[in-house]
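These are the residues of each chain, in order.
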Amino acid sequence: MSTEEKSAAPRSLAEALRVRDDVSLAALLRSRPDLITPVPTDLTQLATRAGTRASVVRALERLDRFALQTAEALAVAPDPASYGELLALMGGDEEEPVVAAALPRAVALLREQALVWGGDDRLRLVRTARELLAPSAQHPSPTGLGPTVREATAGMSPGRIQEILATVGLPSTHDSVSAVSALGALFADRRRMAALLAGLPEESREVLARLVWGPPYGQVTHDPAAHLRALLDRGLLLPTAPGTVVLPREVALHLRAGRAHRAPEPVPPPVEAAAAHRPQVVDATAAGQALAALATVEELLKEWDEGGPAVLRAGGLSVRDLKRTAVALDVPEPVAAFWVELAYGAGLIASDGEAEERYAATPAYDEWRERPPAERWALLARTWLTATRTAGVVGGRDAKDRTLSALGPNLDRSAAPEVRHRVLALLAALPEGASPVEESVLARLRWERPLRGPQREQRGAGAARDEDLRSRIARWTLSEAELLGITGRGALAAPGRALIGAPEAPRPASQEEPEGPGAKLPVHHHRTPPAVVPPTPAEQAAAAATAARLLAPLFPEPLDHVLLQADLTAVAPGPLERGLADVLGVLADVESKGGATVYRFTPGSVRRALDAGQSAADLHAFLARHSRTPVPQPLTYLIDDVARRHGRLRVGAASAYVRCDDDATLDEILADKRAAALGLRRLAPTVLAAQADPAALLEGLRAIGFAPAAESAAGDVLIARADSHRTPPRTPPEPVPDGPPAPDDTLLAAAIRAVRAGDLASTAPRKPGPGDAEDGGGSGAPGGTLPRTGAAETLATMQAAVLTGEALWIGYVNAEGAASQRVIAPIRVEGGFVTAYDHTADEVRTYPLHRITGVAELADDAG
């Protein structure tokens, strides 16, 4: 390297950032948005923030596996290291072509994220990253390498070091430093090391083989065996503590053929296709699932229409209420938790906020029901894709060992939206109609975001204890996407593809390939994972609208008829019009669901319709109008029989009473032993008084087999139509972001302009002032301190600059007391204010003179 090149090489991360262009700085800030929260004042502060522990940990956790392996290799390489040294550590003596081809991308990524700086001849890992990744006894390196010879012998006596030199055949030295250097040079020399190892017993080489890939530490007794003594005498094992030895890094690298990692992974694992289906079959299956999803959510809200389960004191549903909901929806409890959380996330259910707090539907539910089916589905799908509340963890334990309940606190997992979007993106990259092998999807995600450190995340019910959170979210994503109809038969459907804004699916090379799991399927490769750019809310809304537009033609038209059968059932061969479904849901009970819904008519269901204000004639007309088959005679008899008995008994509030025009019916009630608990006694031939309240009396008589009707104080029959319970207007829960939001282009441009201007102000050379000799500022550099001048000198310098047009360096304190330094070109000075073009803000501003701490002229060569 020439002298000019050496002088041009950056000496710090701040200098390396200073020579970057705006595009490169924007890439850094986009990938690490925490660096501009708040916007740094200059590039030195940006570099300092980029080297903080929290920011570096976050950046490392977002690297793909090969980029992380590259950073780990740099942490065990000399500081600084050349690109050739790094390549040797990554590829080993064999110099694998795939590693060599992928390494430039990894180094470029580390440079872009300000984790590595310097030219290819002097690559430097930022100090915090080196501290996190370098091996130590407390924190072993992911490479499995131990300390260097110099580090391992730091506390060893000089005499012992000289003994090791003599044993390996090296001449003695006058000091420990040169002795350690000679020993390290021996271990780094492949030829001499091979000869040294060849002279060892087989048992000694077996010990080295057990330690070579880590962990590099082992235990020995105070009187080690001969094969261990041979290793200790030659420095191939070095003591680090009483009874503990370590394999030096140089020795391990020789045994590994120079590789820092046992298995470098330069290429992401492919996502394999498990089965191929015709795209039309996938879309039709997904549409059916989407309809079922809408029906399930409506059934849930119908179940809670008059007020749902109580809210636990700590928030959420009780285990018993979740079980009841699962029984009502006819699904397993984890699936019920998913639907409950989805409705909550969409703002369709919430707590009513009453003294005895209960869950209930919100006013938004009534608006949602009036939308077209495709739009209703789009709201649910978009909510699921962006929500951080994760139903899969329900039933697990939190950090305080408390059970996580549905609708309760601590269900937010900030990584969930990104994982869901990434899983769907991987499905979108497969040929159209192909479903993936689940394990290949998980392997791909683990490569893109390798697991770092032990997982302390508490597991959900039934989850594998050794699986990280991202993998579990991915598994839940695949199953939940199928429940929602985003996928069909495991393959991404066209509406799901539009939901994530994916391009048109790649077609298989041949349309003649067979369908099913036995088909010969392509394997999808990605050279590098695409950059994750979270979509804006406007983009999400547009994608959801597109998905709804694609889904709408796949939905069947709502039917206006059913098929009545002689066994007192009605079959709905498809989705029904809302009015028909609502009335039929009161008149009959749902017996089974699926492609066709089966309703069953019972005395209780018919009485329910009569209680809701319908007459027998209304019910006959309704069935005749909406049945494609003749109304069966048994159903006609059932309606007439229940209607004939309905309302003959009247229950009112006297506390309460029963009246009936037929005194024989009252005699029958009094004679029935089952009515004894109601406390009935005759007041008149047609009136009985009861100790029970009217509601209990109604239920008691119905349990005996009668069909009483409630009446008002005026003697009119009360229509028993339950009032829908609604919460006050509620805002859906906001997702919990995974760190600062990604900046948009406008914010990035403004931030870069402010940082560059602040850097200009902090680094612009100035002419020495009168006080520089006293305060140490005679170098002409700002030195990080504000200039200090008197009021008269400040005013005179400003007025002179107006005449000459020169730029000045000023210190300024704003109304909040925040101090900053700026480069300005004064235009006008009057009335205690200076109007100037502010190079820092890139605009004309006016400053009160009394807030300017001082002023200094810029040096003639200032840029």
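Residues numbered from 1 in each chain as written. Predicted model: local features only at pLDDT ≥ 70, side-chain atom pairs only at ≥ 80, totals over all residues. Heavy atoms only, no water.

**Quick notes on the overall build of the chain**
No. 1: What the chain contains, in helices and strands, is 35 helices and 26 strands.
No. 2: When the 863 residues of the chain are sorted by exposure, 46% land in the buried category.
No. 3: Here the analysis covers contacts within the chain between residues at least 6 apart in sequence; of these, 66% occur between residues at least 24 apart.
No. 4: About 41500 Å² of surface is accessible on the chain, with carbon and sulfur atoms providing 54% of the total. (Helix = DSSP H or I, 4+ residues; strand = E, 2+ residues; numbered from the N terminus. Buried < 20%, exposed > 50% of the residue type's maximum accessible area, 1.4 Å probe, protein only. Contact = heavy atoms within 4.5 Å. Areas by Shrake-Rupley, 256 points an atom, 1.4 Å probe, with all protein chains shown as cover.)

**Focus: the sheet that holds strand 4 (residues 238–241)**
No. 1: Spatially, 3 strands are ordered 3-5-4 in an open sheet, and the strand pairing comes out antiparallel. Two strands bound the open sheet, and with one partner strand each, they are strand 3 (217–219) and strand 4. Mean inter-strand twist for the sheet, computed between neighbouring axes without regard to direction, equals 40 degrees. (Pairing = 2+ DSSP bridges. Axes fitted to C-alpha atoms, helices over the stretch in contact; angles between N-to-C directions.)

**Structural notes on the nonpolar core**
No. 1: Phe187, Leu236 and Leu237 are the most contacted members of the largest nonpolar core, which has 88 residues in total.
No. 2: A per-element tally of this core places helix 6 (residues 65–76) first, with 8 residues.
No. 3: If sequence neighbours within four positions are ignored, Leu236 has contacts with Phe187, Met193, Leu196, Leu197, Leu200, Leu208, Leu231, Val246, Leu247, Pro248 and Val251.
No. 4: One finds Trp304, Leu329, Leu445 and Ala481 within the second-largest nonpolar core, a separate group that totals 73 residues. (Core = buried A, V, L, I, M, F, W, Y, C linked by side-chain atoms within 4.5 Å.)

**Let's talk about the packing of aromatic side chains**
No. 1: Counted according to the given criterion, the structure contains 4 aromatic pairs.
No. 2: Here Tyr812 and Tyr847 contribute two aromatic rings whose centre-to-centre distance is 4.8 Å and whose plane-to-plane angle is 70 degrees, an arrangement assigned as edge-to-face. Placement of the pair is Tyr812 in strand 22 (residues 808–813) and Tyr847 in strand 25 (residues 843–848), with a sequence separation of 35 residues.
No. 3: Judged by relative accessible area, Tyr812 falls into the buried class, the value being 12%.
No. 4: The ring of Trp368 carries the charged tip of Arg376 above its face, separated from the ring centre by 5.5 Å. (Phe/Tyr/Trp six-rings, centres within 6.5 Å; stacked < 30°, edge-to-face > 60°. Lys NZ or Arg CZ within 6 Å of the ring centre and 35° of its normal.)

**Quick look at the pattern of salt bridges**
No. 1: Under the definition given, this model contains 35 salt bridges.
No. 2: Here Asp321 makes a salt bridge to Arg324, at a shortest N to O gap of 3.4 Å. Taken as a pair, Asp321 and Arg324 lie in helix 18 (residues 319–329) at a separation of 3 residues, close to a single helical turn.
No. 3: The exposure class of Asp321 is buried, given its relative accessible area of 12%. (Salt bridge = Lys/Arg side-chain N within 4 Å of Asp/Glu carboxyl O.)

**Comments concerning the packing of helix 6 against helix 8 (residues 97–112)**
No. 1: Axis separation between helix 6 and helix 8 bottoms out at 9 Å; the angle between their running directions is 80 degrees. Judged by the inter-axis angle, helix 6 sits roughly perpendicular to helix 8. Residue-level inspection shows Phe66, Ala67, Thr70, Ala71 and Leu74 of helix 6 in contact with helix 8, the latter providing Val99, Ala102, Leu103, Arg105, Ala106, Val107, Leu109 and Leu110.
No. 2: Considered class by class, the residues forming the contact of helix 6 with helix 8 number 11 nonpolar, 1 polar and 1 charged. (Parallel < 35°, antiparallel > 145°, perpendicular 65-115°, else oblique. Nonpolar A, V, L, I, M, F, W, Y, C, P; charged D, E, K, R; others polar.)

**Things to note about unusual backbone geometry**
No. 1: Cis peptide bonds are those with omega within 30 degrees of zero, and the linkage from Thr37 to Pro38 qualifies with 0 degrees.
No. 2: Counting through the fold element by element, Pro38 comes out in the loop between helix 3 (22–31) and helix 4 (43–50).
No. 3: The omega torsion across Asp79 and Pro80 is 0 degrees, close enough to zero to call that bond cis.
No. 4: Position of Pro80 relative to the elements: it lies in the loop between helix 6 and helix 7 (83–91).
No. 5: With phi around 65 degrees, Leu407 is a residue other than glycine that occupies positive phi space.
No. 6: Positionally, Leu407 belongs in the loop between helix 21 (373–386) and helix 22 (416–429).
No. 7: Owing to a relative accessible area of 7%, Leu407 belongs among the buried residues under this scheme.

**Side note on the pairing of strand 14 (residues 569–572)**
No. 1: Side chains Thr569 and Val571 of strand 14 all project onto a buried face; the interleaved residues Ala570 and Ala572 project onto the opposite face, where all are buried too.
No. 2: Summarising the sheet, strand 13 (residues 563–565) and strand 14 pair through 3 bridges and their orientation is antiparallel. Each bridged residue has a counterpart across the sheet, and for Gln565 the counterpart in strand 14 is Thr569.
No. 3: Hairpin remark: strand 13 followed by strand 14, antiparallel, with 3 residues in the connecting loop; positive phi at Leu568, about 65 degrees.
No. 4: Strand direction decides the pairing type here: strand 14 and strand 16 (residues 597–600), joined by 4 bridges, are antiparallel.

**Some details on the environment of Pro215**
No. 1: Following the sequence through the fold, Pro215 ends up in the loop between helix 14 (202–211) and strand 3.
No. 2: With a relative accessible area of 56%, Pro215 lands in the exposed category.
No. 3: Taking C-alpha positions, Pro215 is 9.1 Å from Thr143, a pair spaced 72 residues apart along the chain.

**Here we look at the side chain of His254**
No. 1: Take His254: it is sitting in helix 16 (residues 249–255).
No. 2: Owing to a relative accessible area of 15%, His254 belongs among the buried residues under this scheme.
No. 3: Discounting residues that sit within four places of it in the chain, His254 has contacts with Phe187, Arg190, Met193, Ala194 and Leu197.

**Focus: the sheet that holds strand 16**
No. 1: Strand order in the open sheet formed by 4 strands is 13-14-16-15, and the pairing between neighbours is antiparallel. The open sheet has two edge strands with one neighbour each: strand 13 and strand 15 (589–592). With strand direction ignored, the average angle separating the axes of adjacent strands in the sheet is 30 degrees.

**Describing empty space enclosed by the protein**
No. 1: Inspection of the entire model under this criterion finds 2 cavities of 30 Å³ or more.
No. 2: Within this model, the largest cavity holds a volume of roughly 110 Å³.
No. 3: As for the largest cavity, its lining consists of Phe338, Glu341, Leu342, Gly345, Thr383, Trp384, Ala387, Arg389, Thr390, Ala391, Arg420 and Glu480.
No. 4: When residues of the lining of the largest cavity are traced back to their parent elements, those giving at least two are helix 19 (333–345) and helix 21. (1 Å grid on protein atoms, 1.4 Å probe; cavity = no way out; pocket = protein on both sides within 12 Å on 5 of 7 lines; lining within 4 Å. Points joined across faces, edges and corners; volume = space filled by probe spheres on them.)

**Overview of the packing of helix 21 against helix 22**
No. 1: At a closest axis distance of 7 Å, the pairing of helix 21 and helix 22 adopts a crossing angle of 115 degrees. Viewed along their axes, helix 21 and helix 22 adopt a mutual orientation that is roughly perpendicular. Together, Trp384, Leu385 and Thr386 of helix 21 and Pro417, Arg420, His421 and Leu424 of helix 22 make up the contact between the two elements.
No. 2: Across the contact of helix 21 with helix 22, the residue classes break down as 4 nonpolar, 2 polar and 1 charged.

**Some thoughts on the confidence of the model for the chain**
No. 1: For the chain, per-residue confidence averages 84 on the pLDDT scale, and 87% of positions sit at 70 or higher.
No. 2: In this model residues 508–531 is a low-confidence stretch, pLDDT under 50, and it forms 42 contacts with partners more than four residues away in sequence or in other chains.
No. 3: Every residue in residues 771–783 is under pLDDT 50, and counting partners more than four places away or in other chains gives 17 contacts. (pLDDT = per-residue confidence, 0-100.)

**Some words on helix 13 (residues 190–198)**
No. 1: The set of residues buried in helix 13 consists of Met193, Leu196 and Leu197. Summarising the axial view, the buried residues of helix 13 lie within an arc of 95 degrees, below the 170-degree limit, and thus occupy one face. Among the exposed residues of helix 13, those oriented more than 90 degrees off its buried face are Arg191, Ala195 and Ala198.
No. 2: Next to the buried residues of helix 13 lie helix 12 (176–188), helix 14 and helix 16.
No. 3: A side-chain oxygen of the first residue of helix 13 lies 3.1 Å from the backbone nitrogen of Arg191; this N-cap is Asp189. (Arc of directions from axis to C-beta. Polar contact = N/O pair within 3.5 Å; in protein donor to acceptor, adjacent residues only side chain to side chain.)

**Focus on the pairing of strand 26 (residues 852–857)**
No. 1: A large share of strand 26 lies buried, amounting to 5 of its 6 residues.
No. 2: Bridge count between strand 22 and strand 26: 5 bridges; the pairing is antiparallel. Bridged to Leu808 within strand 26 is Glu857.

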